[in-house]
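Spelled out, the chains give:
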There are 2 protein chains.
Amino acid sequence: MIKKPTLHDVASLASVSQSTVSQYLNGRYKHMGKETRRRIEHSINTLQYKPNAVARGLKQKKTTTIGIIVANILHRFSTQVSRAIEDICHQFEYHAIICNADDDAKKEKKYIDMLKAKQVDGFIIIPTGLNEDLYKDLLEERYPLIFLDRKVEALPIPTVSLKNKKAGYEAATHLLDQNHRNIAYISSPLTVNTRKERYQGYVQALENAGIEVKEEYVFGGDINQLNHTLPDILEKNHPPTALICGNDRVLKNVLPILKKRDISIPQHLALLTFDEVEFSEFFTPTITTIEQPAYEMGVQAAELLLQRINGKAEQQREETYEFEPKLKVRESSLLKK
Amino acid sequence: MIKKPTLHDVASLASVSQSTVSQYLNGRYKHMGKETRRRIEHSINTLQYKPNAVARGLKQKKTTTIGIIVANILHRFSTQVSRAIEDICHQFEYHAIICNADDDAKKEKKYIDMLKAKQVDGFIIIPTGLNEDLYKDLLEERYPLIFLDRKVEALPIPTVSLKNKKAGYEAATHLLDQNHRNIAYISSPLTVNTRKERYQGYVQALENAGIEVKEEYVFGGDINQLNHTLPDILEKNHPPTALICGNDRVLKNVLPILKKRDISIPQHLALLTFDEVEFSEFFTPTITTIEQPAYEMGVQAAELLLQRINGKAEQQREETYEFEPKLKVRESSLLKK
DNA sequence: ATGAAAGCGCTAACAG
DNA sequence: CTGTTAGCGCTTTCAT
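The model shown is predicted, which means the values in this text are computed figures rather than measured ones.

Trainee: Is there a simple way to think about the overall build of chain A in this case?
Mentor: Helix and strand counts for chain A come out as 12 helices and 12 strands. The C-alpha radius of gyration of chain A comes to 26 Å, more than 25% above the 20 Å expected for a compact globule of 337 residues. Its C-alpha atoms put chain A at 90 × 45 × 35 Å along the principal axes. Looking at chain A as a whole, 55% of its 337 residues qualify as buried. By sequence separation, contacts in chain A at least 24 residues apart represent 67% of the contacts at least 6 residues apart. About 14800 Å² of surface is accessible on chain A, with carbon and sulfur atoms providing 47% of the total.

Trainee: Quick question: what am I supposed to make of the interface of chain A and chain B here?
Mentor: The extent of an interface is frequently quoted as the accessible surface area lost upon association of the parts. Each partner contributes to the interface: chain A provides 76 residues, whereas chain B provides 78 residues. Buried surface at the junction of chain A and chain B, both sides included, amounts to about 7400 Å², of which 62% is carbon and sulfur. Connecting chain A to chain B are six salt bridges. Here Lys252 of chain B makes a salt bridge to Glu278 of chain A, at a shortest N to O gap of 3.5 Å. Our count for the contact surface shared by chain A and chain B stands at 24 residue pairs in polar contact (both at pLDDT 80 or more). At the level of secondary structure, the elements contributing two or more residues to the side of chain A that touches chain B comprise α4 (53-60), α5 (76-91), β2 (95-100), α6 (105-117) and α11 (248-260) of chain A. A total of eight residues in the side of chain A that touches chain B trace back to one element, the largest contributor, which is α6 of chain A.

Trainee: Would you mind showing me how to read the relation of the copies chain A and chain B here?
Mentor: The operation relating the two chain copies consists of a rotation about an axis and a shift along that axis. For the match of chain A to chain B, the screw axis carries a shift of 0.1 Å, the RMSD comes to 0.1 Å, and the turn is 180°. Both chain copies can therefore be described as sitting about a two-fold axis. Here 100% of the contact residues of chain A are again contact residues in chain B; the copies associate through an equivalent surface.

Trainee: I keep staring at the packing of α6 of chain A against helix α7 (residues 132-140) of chain A and nothing clicks. Help me out?
Mentor: In a packed pair of helices, the relevant descriptors are the angle between the two axes and the axis-to-axis distance. All names here are of chain A. One can describe the packing of α6 onto α7 by two numbers: an axis separation of 10 Å at closest approach and a directional angle of 20°. Taken together, α6 and α7 sit at an angle that is classed as roughly parallel. Where α6 crosses over α7, the handedness of that crossing is left-handed. Along the contact surface, α6 presents Glu108, Lys109, Ile112 and Lys116, while α7 presents Leu134, Tyr135, Asp137 and Leu138. Class assignment for the residues of the contact of α6 with α7 results in four nonpolar, no polar and four charged.

Trainee: Which parts of the structure should I look at to understand the sheet that holds strand β7 (residues 218-220) of chain B?
Mentor: Hydrogen bonds between backbone groups are what pair the strands of a sheet, and the pairing can be parallel or antiparallel. Residue and element names in this part refer to chain B. Spatially, the six strands line up as an open sheet ordered β7-β6-β8-β9-β10-β12, and their pairing is mixed. Strand pairing shows two members of the sheet lacking a second neighbour, β7 and β12 (326-328), which therefore form its edges. Ignoring strand direction, the axes of neighbouring strands in this sheet form an average angle of 15°. Across the sheet, helix α9 (residues 193-208) touches β6 (183-187), β7, β8 (242-245) and β9 (270-274), and the angle it forms with β6 is around 170°.

Trainee: Would you take a moment to explain the layout of surface pockets for this structure?
Mentor: If a probe the size of a water molecule is rolled over the atoms, the empty space left behind becomes visible. For the largest pocket, the calculated volume is near 1200 Å³. What lines the largest pocket is a set of 41 residues, among which Gln119 of chain A together with Lys4, Pro5, Lys50 and Asn52 of chain B lie closest to the centre. Mapped onto the lining of the largest pocket, the elements with two or more residues apiece are α4, α6 and α7 of chain A together with α1 (7-14), α2 (18-25) and α4 (53-60) of chain B. A per-element tally of the lining of the largest pocket places α4 of chain B first, with five residues. Grouping the constituent residues of the lining of the largest pocket by class yields 15 nonpolar, 11 polar and 15 charged.

Trainee: Which parts of the structure should I look at to understand the nonpolar core?
Mentor: Inside soluble globular proteins, nonpolar side chains tend to come together where they are buried. With 52 residues, the main nonpolar core has Ile186, Leu243, Val254 and Leu271 of chain A together with Ile186 and Leu271 of chain B as its most contacted residues. Secondary-structure elements contributing two or more residues to this core are β6 (183-187), α10 (226-234), β8 (242-245) and α11 of chain A together with β6, α10 (226-234), β8 and α11 (248-260) of chain B. Residues within four places of Leu243 of chain A in sequence aside, it is in contact with Ala184, Ile186, Leu230, Val254, Leu269, Ala270, Leu271 and Leu272 of chain A. Ranked by size, the runner-up nonpolar core spans 40 residues in total, among them Ala101 of chain A together with Tyr135, Leu138 and Ile157 of chain B.

Trainee: Can you help me understand the protein's contact with DNA strand C in this one?
Mentor: Surrounding DNA strand C, one finds 26 residues, the nearest of these being Leu7, Tyr49 and Arg56 of chain A together with His31 and Thr36 of chain B. The sugar-phosphate portion of DNA strand C accounts for 72% of its atoms within 4 Å of the protein, the bases making up the rest. Within the contact set of DNA strand C, a phosphate oxygen lies 2.6 Å away from a side-chain nitrogen or oxygen of Arg56 of chain A. In the model, a base nitrogen of DNA strand C is placed 3.0 Å from a nitrogen or oxygen of the Ser19 of chain B side chain. Looking at the surface near DNA strand C, the elements that each hand over two or more residues are α2 (18-25) and α4 of chain A together with α2 and α4 of chain B. The greatest single-element share of the surface near DNA strand C, amounting to four residues, is contributed by α4 of chain A. A per-class count over the surface near DNA strand C returns seven nonpolar, 14 polar and five charged.

Trainee: Looking at this model, I keep getting lost on the sheet that holds strand β10 (residues 288-291) of chain A. Mind explaining?
Mentor: All names here are of chain A. On the basis of which strands lie adjacent, the open sheet formed by six strands has the order β7-β6-β8-β9-β10-β12 and mixed pairing. For this open sheet the edge positions go to β7 (218-220) and β12 (326-328), each flanked by a neighbour on one side alone. Direction aside, the axes of adjacent strands within the sheet are offset by 15° on average. Packed onto the sheet, helix α8 (residues 164-177) meets β6, β8, β9 (270-274), β10 and β12 and runs at close to 165° relative to β9.

Trainee: What is the right way to look at the pairing of β2 of chain A in this model?
Mentor: Residue and element names in this part refer to chain A. Summarising burial for β2: six of the six residues are buried, a large majority. Residues His95, Ile97 and Cys99 line one face of β2 and the alternating positions Ala96, Ile98 and Asn100 line the opposite face, and both faces are buried. The pairing of strand β1 (residues 65-70) with β2 spans six bridges and is parallel. Considered in β2, the bridge of Val70 is made with Asn100. Once you follow β1 into α5 and on to β2, the crossover reads as right-handed.

Definitions and cut-offs
- Residues numbered from 1 in each chain as written.
- Chains lettered and ligands numbered in written order.
- Predicted model: local features only at pLDDT ≥ 70, side-chain atom pairs only at ≥ 80, totals over all residues.
- Heavy atoms only, no water.
- Helix = DSSP H or I, 4+ residues; strand = E, 2+ residues; numbered from the N terminus.
- Rg over C-alpha atoms; globule rule 2.2 N^0.38 Å.
- Buried < 20%, exposed > 50% of the residue type's maximum accessible area, 1.4 Å probe, protein only.
- Contact = heavy atoms within 4.5 Å.
- Areas by Shrake-Rupley, 256 points an atom, 1.4 Å probe, with all protein chains shown as cover.
- Buried area = accessible area lost by both parts, 1.4 Å probe.
- Salt bridge = Lys/Arg side-chain N within 4 Å of Asp/Glu carboxyl O.
- Polar contact = N/O pair within 3.5 Å; in protein donor to acceptor, adjacent residues only side chain to side chain.
- Least-squares fit on C-alpha atoms with pLDDT ≥ 70 in both.
- Axes fitted to C-alpha atoms, helices over the stretch in contact; angles between N-to-C directions.
- Parallel < 35°, antiparallel > 145°, perpendicular 65-115°, else oblique.
- Left-handed = near helix turned anticlockwise from the far one by under 90°.
- Nonpolar A, V, L, I, M, F, W, Y, C, P; charged D, E, K, R; others polar.
- Pairing = 2+ DSSP bridges.
- 1 Å grid on protein atoms, 1.4 Å probe; cavity = no way out; pocket = protein on both sides within 12 Å on 5 of 7 lines; lining within 4 Å.
- Points joined across faces, edges and corners; volume = space filled by probe spheres on them.
- Core = buried A, V, L, I, M, F, W, Y, C linked by side-chain atoms within 4.5 Å.
- Near = heavy atom within 4 Å.
- Right-handed = clockwise from strand over helix to strand, strands pointing away.

What follows is the structure, encoded as C-alpha cells:
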C-alpha cells in the first residue's frame, strides 16, 4: 500500500501546527484565522488528505464501528435485520461488522472476543443463549448491547423481539378457524425462548378451543432428523390436516419431505410457517405465513444501540421492545397450473 | 465502558517490560526464560488481558479487516456472497465490513472513503461501474482489490464473475428447445456488462436459430417502469410466449404484473429467470432458473483477496475467474392445487 | 534473554 | 488564535 499523507504533512505544507489542523478537522474553527483556515483547506485538498480513523480511534477510544452477531445471514430474518442496521449506521456514519454465529456457542464467543479486540463501540446480538457468562461480562464491562429476536432471562439487556406467543396463538387460531383439529407443530429445539413462546401460543389456542394438545403431533428437535420423524407424524391413525413450521428453516426441511410423499397442499395438508417466504404470494400452493417486521426490528435495535453509545439512554435496563406478528393469508395464486 | 488492562498492566504485574510481553504475544518466545514466560502467562490470565487490535493496527498498518461493497444485501446473490466471504474471513481471523451501495455512485464513493479511513486491508466490490476514477485511485494506492459479478473494462482488476453470455445463451436456447419463438427479455438497464452479456447471449441464441430479435420484445431499463411497458409487450399482435427475467429483482417486479393480468404460467407464458429463487422447486408455477454459484464465487473472491493481502499473489493483473451458470429446470411441483 | 526508547497518526489540555 | 506537549496501546530496533 502506498504511503498516505498524515496530519503532519498537512500541517507542514500549511505551515501551521498539527493541533491547528486537528482543530480544523473537528469543526472547531470558530476563532480560526481566515487565512490559516484557507491554507489548511488548500493543503488538505492538494494532498488529498483523509484522516486515519484507526489513529483517531486509538486516541478517542471510539471506533464508530459496531458488532452484529446474527444466527445466519442466509436466513431472511437475519438478512433484513442486517440491512436495517446497516442503513441506520450509514446514516450516522457508523459501520457494522456482521458475524454469523450459526447457533454455535463457540463461534459466538470467538466473535465476541474478536469484536472486543477491535474495540467496537457496541453490540447487537441474536444470542445463541448458550453463553450467559459472556453476556454478563459484556454488561459488566459496560458495553452498549442490544439483544434481538431472543431474550436471555434475568439479564437486564434491552431486547427487540416479536410477540412470539401471540404469533403462535394466531397461527393455531387461524387453522382452527378453518376447522382443522389435528394441527402438527414442527420446530427446532424448544430451548430458545422464541421457539418456546411460539409453541406456548399454539398450546394456548388449542386449549382455549377445548382441543387436546397431542404430543404425537409435536416435534421440537434437530430438524435434520425430520426425514425420520415427520413421516411418523404424518402416518398416525388420525393424521394432522394442518402443519405449522416454527420458522423458515423448518419449512425448508419440511417441503422436500412432503414433496417426496406426494402430499398435496392445501388439500391433504394445510401449511403455515413463521417468517417471510419470498414470492409466496405468487405461488401455489398457498402457504400462509406469519411474518416478523424484520426490517423495523433491525431499525429499532440499531437506534437503541446508537442512543446508548451516545449516552442518550442508559444501558442497564431490561426493556423489551415487542413487535406485532403479521399474519398473511394468501389468496390462491392467480398463476396457476 | 470500563477500563481494560493494557500491555503495561500485564508487564508490571509480571515484573517484566512491555516489550517482553509483546514478544510473548507474538509467539517469539523461543529463547524466553521459562519462568518469565510463566509469569507473563499468569499475569495475562489473572488480568484477562486481550490485546487491543486498534493500537496494533495503528502500529502495523494492518487491521485484518476488509471492506465489502455489495449491491444490496437483500438480494440473494449478495447474501450468499457475503456469507461466503465472511466464512473465509473467519477462517483466517479477518473481519468483513459489509456495505450496500444500492447501485448508487454516491453511496459507493462514500463507503469506499469511509473504509479507506478505517484502513481496511483490501476490498471486494460489486462495482456500480459509475466510479471509474475511484477504482483507479484504489489501484494506484495499491489496495488489494477484487471485483465481483461485474467487470470494469480496461482496469487491471481481478474479477470473479459468471459466464454471463453463456447464461443468456442457455436461457434462450432452453426456451427455443421448447418451441418458443417469441421470447421477451426484461432487464434492468443494459449499461452494466453483466446484463449486457446475458442479453448478448440471448441474441446469439436467437440468431443461431435463425430467429429475428424483435426489439419490441426487449426491455432494458428502469424496472419500476415495468407497470407501463410490460403490458405493452404482452399485448403485441404476436405476444411473447416466453419471458426471461434478467435477475431476481426483475422477477420480483414482473410477477405482480402477471398476476394482476391473470396470466397463467406456463400455459400463457413460460417464465425463466436468472438467479436463484428460494423454494422454487416446490411451487407451482414452475419457474426455470439459471443460477449462479454465488457461494463459490464469494469464496473465490475472498481467497483471491487474502492472497493478495498476504503478498502471495500480485495485484495488478487483469484476471477473470468465470463460473458456469447452472440451469435448473423444475419438474412440475408435486404440491399442486 | 530482557529492557529502554522511539514512534504509528491523532487529540486534547494547557500555554502563550 | 495557535503551538507545545503528552499520551492512546502496541511493536520494534537496538542495547545490554
